[in-house]
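Next come the chains, spelled out residue by residue.
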Amino acid sequence: KQEVTQIPAALSVPEGENLVLNCSFTDSAIYNLQWFRQDPGKGLTSLLLIQSSQREQTSGRLNASLDKSSGRSTLYIAASQPGDSATYLCAADSGGGADGLTFGKGTHLIIQP
Amino acid sequence: GAGVSQSPSNKVTEKGKDVELRCDPISGHTALYWYRQSLGQGLEFLIYFQGNSAPDKSGLPSDRFSAERTGGSVSTLTIQRTQQEDSAVYFCASSFGGDTQYFGPGTRLTVL
């Protein structure tokens, strides 16, 4: 059974810093890995999807990497802004959709102005 | 274009009552998913629909939960004889095949 762990559980940094959020998964046989953000009381917004054959994906100030062999993914946020404050969720797709996504518990990020 | 929509946004019910939660996926998306997020817990996968195929119901928490998808589009999640532990936010998501899943805003269910 796939298990996803995110470290740290919470992080508070000053505006402008670059930061890295970590995600690990126990079963390396994944189809893809997705990163989401969730604002308080809201739904999930997809940030990046990395296919199992890919090593990284970039979107604006965000860069996500994937190392299947070690069961790890990282989300790099450059030049953080207060608007980046949210909970960031990592999710692994182990069944091509059929088993849904397995989520970590998230990293609660606060960017201090 | 329009995203995934869910209704109602909030539902308060009494223990023992039945509730229906509705999901309208993004037009053209073949796959539809239901998840729930209990207070302080991570997101839990419930059920998956691919087109008009019969779903695998093994992820549903109990036999009080059921789901259907009509015409390969709209889906309804039904909870019978609700219990307090059913209180959670229920999310629906859709995707084209196994690609990026797009989530709706959720339905917050409170069972008194």
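Since this is a predicted model, take the numbers as computed values, not measurements. (Residues numbered from 1 in each chain as written. Chains lettered and ligands numbered in written order. Predicted model: local features only at pLDDT ≥ 70, side-chain atom pairs only at ≥ 80, totals over all residues. Heavy atoms only, no water.)

Turning to the sheet that holds strand 7 (residues 75-79) of chain B, a few remarks are in order. Residues and elements named next belong to chain B. A sheet is described by the order of its strands in space; here four strands give the open sequence 1-3-7-6, paired in antiparallel fashion. Of all strands in the sheet, those with a lone pairing partner are strand 1 (5-7) and strand 6 (65-69), marking the two edges. Pairs of neighbouring strands in the sheet enclose a mean axial angle of 15°, with direction left out of account. Pairing of strand 3 (residues 19-24) with strand 7, which is carried by five bridges, proceeds in the antiparallel orientation. Following the sheet pairing, Arg-22 is matched in strand 7 by Thr-76. (Pairing = 2+ DSSP bridges. Helix = DSSP H or I, 4+ residues; strand = E, 2+ residues; numbered from the N terminus. Axes fitted to C-alpha atoms, helices over the stretch in contact; angles between N-to-C directions.)

Turning to the state of the cysteines, a few remarks are in order. Residue and element names in this part refer to chain A. Using the criterion set out here, one finds two disulfides over all chains in the structure. Here Cys-23 is linked by a disulfide to Cys-90, with a sulfur-sulfur distance of 1.9 Å. Of note, the bridge from Cys-23 to Cys-90 carries an S-S torsion of about -55° and is left-handed in sense. Highlighted residues: Cys-23 in strand 3 (residues 19-25) and Cys-90 in strand 9 (residues 86-93), separated in sequence by 67 residues. (Disulfide = S-S within 2.5 Å.)

Time to look at the pattern of salt bridges. A full pass over the atoms with the stated rule returns five salt bridges over all chains. Across the pair Asp-84 of chain A and Arg-61 of chain A runs a salt bridge, and its minimum N-O distance is 2.8 Å. Within this pair, whereas Asp-84 of chain A is found in the loop between strand 8 (72-77) and strand 9, its partner Arg-61 of chain A is found in the loop between strand 6 (56-59) and strand 7 (62-67), the two being separated by 23 residues in sequence. Across the salt bridge formed by Asp-24 of chain B and Arg-22 of chain B, the nearest N and O atoms sit 2.9 Å from each other. (Salt bridge = Lys/Arg side-chain N within 4 Å of Asp/Glu carboxyl O.)

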